Amino acid sequence: MYLPIMLEVENKNILIIGAGTVAYKKAQKIVEQKGNVKVVSPRFNPDFDELKNIKRIKDVYDKKYIKGHILVIAATDHPSINKKINEDCREENVLCNVVTDTHSDVIFPSHFNRGDLTMAVSTNGKSPALSKKIINDLKQHYDESYEERVQLLGEIRDIVLSLDCSQEERRDILNHIVELEAIELRKLAKKEMK
Ligand SMILES: C[C@@]1(CC(=O)O)C2=NC(=C\c3[nH]c(c(CCC(=O)O)c3CC(=O)O)Cc3[nH]c(c(CC(=O)O)c3CCC(=O)O)/C=C3\N/C(=C\2)[C@@H](CCC(=O)O)[C@]3(C)CC(=O)O)/[C@H]1CCC(=O)O
Ligand SMILES: NC(=O)c1ccc[n+]([C@@H]2O[C@H](COP(=O)([O-])OP(=O)(O)OC[C@H]3O[C@@H](n4cnc5c(N)ncnc54)[C@H](O)[C@@H]3O)[C@@H](O)[C@H]2O)c1
C-alpha cells in the first residue's frame, strides 16, 4: 500500500529516463513546479523542444546517472530496463517511479490544484483512467471559487492562531469558518486586517 505525501520539487534534482509521450507529461508537471529536470534518452519526442529549462543527455540509461537525484522516473518503453532502473535506485536509496509498473516505490496520482488546494486520486495503479475520471468529477464540484476560499481561510486562520484563547476554542472557530459562505469569509478577512 502507498502513503500519499506531497513533495516540494522546487530546486530539487529529478532524473527522467526516456523521452517519449509519458516522460514529457511528467517533465512538464515537474518543470511547472520549478523542479530541476534532467532527461537521459537516445531519442527525444519533439514536444521536449517546448521545455526550455531542462537538461538533455542523448544517451541510453546507465546507473551512473542516478547519483545526486531525489527522484528518478523510469519512463522508457522497455519494462525490463525500467525494472533495472528501479533496482538500481533501491541500491542507491533514491526514490523511483516506474511508468510501466504498478508496484514501483512512487506512483503519481491524478491531480489538480485550485490555488493552494490540491486534490489527488490514486487507484494504486489498478485504473489510472478511473483516477482521471474521478478527478474530472471533483473539478466540477470544487470549482475555481475554491482558490479564493482557501486563500481567505488561510488569512483568517493566521489571525485565529494569534488569538489568546484555548486550543479547543481555536479548533471550534477553525471548524466553523469552513462552513461559511465566501461573502462572509471576505467580510471576516477584511475586518481582521484592520
Ligand atoms: C496520474 C497519471 C500520471 C501523470 O500524472 O502523468 C497516471 N496515469 C495517467 C493516465 C493514464 N495512464 C494510462 C492510461 C490509459 C488508460 C488506462 O490504462 O487506465 C491513462 C489515461 C489517459 O491517458 O487518459 C496507462 C498506464 N498507466 C500505468 C500503466 C502501467 C501499468 O498499468 O502497468 C499503464 C498501462 C500502459 C499500457 O497499457 O501498456 C501506470 C501508472 N499510471 C499512473 C498515473 C500511476 C497509477 C495512478 C493510479 O494509482 O491511479 C502508475 C501506476 C505509475 C505512474 O505513472 O506513476 C495520469 C492521469 C492523467 C490525468 O490525470 O490527466
Ligand atoms: N504511467 C503512465 O501514465 C503511462 C501511460 C501510458 C503509457 N504508459 C507506458 O509507458 C511506456 C512509455 O510510453 P511512451 O508513450 O512515453 O513511449 P515512447 O515510445 O513514446 O517513449 C519511450 C522513450 O524511451 C526511450 N528509451 C528507450 N530505451 C531507452 C534506454 N535504454 N535508455 C533511455 N531511454 C530509452 C526512447 O528513446 C523514447 O524516448 C509504455 O510502455 C507505455 O505502455 C504509461
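This is a predicted model, so every value here is computed, not measured.

Participant: Where do I start with the nonpolar core in this structure?
Facilitator: Considering soluble globular proteins, one finds that nonpolar side chains tend to be buried as a cluster. Among the nonpolar cores identified, the biggest contains 18 residues, and Ile-16, Val-37, Val-39, Phe-48 and Ile-73 are the most heavily contacted of them. Sorting the residues of this core by element identifies β1 (13-17), α1 (21-32), β2 (36-40) and β4 (71-74) as the ones contributing at least two each. At 4 residues, the largest contribution of residues to this core is made by α1. If sequence neighbours within four positions are ignored, Ile-16 has contacts with Ala-23, Lys-26, Ala-27, Val-37, Lys-38, Val-39, Val-40, Ile-73 and Ala-75. Formed by 14 residues, the second largest nonpolar core is a distinct cluster that contains Tyr-61, Ile-66, Cys-89 and Val-94.

Participant: Looking at this model, I keep getting lost on the site of ligand 2. Mind explaining?
Facilitator: Of all residues adjacent to ligand 2, which total 18 residues, the nearest are Ala-19, Val-22, Arg-43, Tyr-61 and Val-99. One nitrogen or oxygen atom from the side chain of Ser-41 is found 3.2 Å from an oxygen atom belonging to ligand 2. Here ligand 2 has 880 Å² of accessible area as a free molecule, and 67% of this is covered by the chains. Mapping ligand 2 onto the cavity grids shows that it belongs to the second largest pocket. Here the residues of the shell around ligand 2 sort into 9 nonpolar, 7 polar and 2 charged.

Participant: Can you help me understand the UniProt feature "domain: Siroheme synthase central" (unreviewed entry) in the protein chain in this one?
Facilitator: Following the UniProt record, the feature "domain: Siroheme synthase central" (unreviewed entry) maps to residues 114-139 here. Counted over residues 114-139, helix gives 46% and strand 23%. Its end C-alpha atoms are 9 Å apart.

Participant: Is there a simple way to explain the pattern of salt bridges in this structure?
Facilitator: Opposite charge on two side chains makes pairing possible when the charged atoms of those side chains draw close. Under the defined criterion, the tally for this structure stands at 9 salt bridges. The residue Lys-63 makes a salt bridge to Glu-92 at a minimum N-O spacing of 3.7 Å. Taken as a pair, Lys-63 in the loop between β3 (54-57) and β4 and Glu-92 in helix α2 (residues 79-92) lie far apart in primary sequence, 29 residues in all. Among the residues examined, Lys-63 registers a relative accessible area of 30% and is labelled partly exposed. Across the salt bridge formed by Asp-105 and Arg-90, the nearest N and O atoms sit 2.7 Å from each other.

Participant: Help me understand the environment of Pro-79 in this model?
Facilitator: Following the sequence through the fold, Pro-79 ends up in helix α2. Residues Pro-79 and Gly-35, 44 residues apart in the sequence, show an inter-C-alpha distance of 26 Å.

Participant: Quick question: what am I supposed to make of the domain arrangement of the protein chain here?
Facilitator: How big an interface is tends to be stated in terms of the accessible area lost upon association of its parts. Entries for the protein chain in the domain assignment read domain 1 (1-108) and domain 2 (145-193). Computed over C-alpha atoms only, the centres of domain 1 and domain 2 are separated by 40 Å.

Participant: Would you mind showing me how to read the packing of helix α4 (residues 145-162) against helix α5 (residues 167-177) here?
Facilitator: In helix packing, the relevant descriptors are the interaxial angle and the interaxial distance, both defined with respect to the helix axes. Close contact between α4 and α5 brings their axes to 11 Å; oriented N to C, the two are set at 165 degrees. On the basis of their axis angle, the class for α4 and α5 is roughly antiparallel. Where α4 crosses over α5, the two elements pack in a sense that is right-handed. Where α4 approaches α5, its residues Arg-149, Leu-153, Ile-156, Arg-157, Val-160 and Leu-161 are matched on the opposing element by Arg-170, Ile-173, Leu-174 and Ile-177. Its residues assigned to classes, the contact of α4 with α5 comprises 7 nonpolar, no polar and 3 charged.

Participant: What am I meant to see in the layout of surface pockets here?
Facilitator: Gaps left between atoms are located by rolling a probe of water-molecule size over the structure's atoms. Reported here for the second largest pocket is a volume of approximately 370 Å³. In terms of residue class, the lining of the second largest pocket is built from 11 nonpolar, 7 polar and 3 charged.

About the criteria used
Residues numbered from 1 in each chain as written. Chains lettered and ligands numbered in written order. Predicted model: local features only at pLDDT ≥ 70, side-chain atom pairs only at ≥ 80, totals over all residues. Heavy atoms only, no water. Core = buried A, V, L, I, M, F, W, Y, C linked by side-chain atoms within 4.5 Å. Buried < 20%, exposed > 50% of the residue type's maximum accessible area, 1.4 Å probe, protein only. Helix = DSSP H or I, 4+ residues; strand = E, 2+ residues; numbered from the N terminus. Contact = heavy atoms within 4.5 Å. Near = heavy atom within 4 Å. Polar contact = N/O pair within 3.5 Å; in protein donor to acceptor, adjacent residues only side chain to side chain. Areas by Shrake-Rupley, 256 points an atom, 1.4 Å probe, with all protein chains shown as cover. 1 Å grid on protein atoms, 1.4 Å probe; cavity = no way out; pocket = protein on both sides within 12 Å on 5 of 7 lines; lining within 4 Å. Sits in = over half its atoms within 2 Å of the grid points. Nonpolar A, V, L, I, M, F, W, Y, C, P; charged D, E, K, R; others polar. UniProt positions renumbered as here; feature names shortened; annotations may be inferred. Salt bridge = Lys/Arg side-chain N within 4 Å of Asp/Glu carboxyl O. Domains from an automatic or database assignment. Axes fitted to C-alpha atoms, helices over the stretch in contact; angles between N-to-C directions. Parallel < 35°, antiparallel > 145°, perpendicular 65-115°, else oblique. Left-handed = near helix turned anticlockwise from the far one by under 90°. Points joined across faces, edges and corners; volume = space filled by probe spheres on them.

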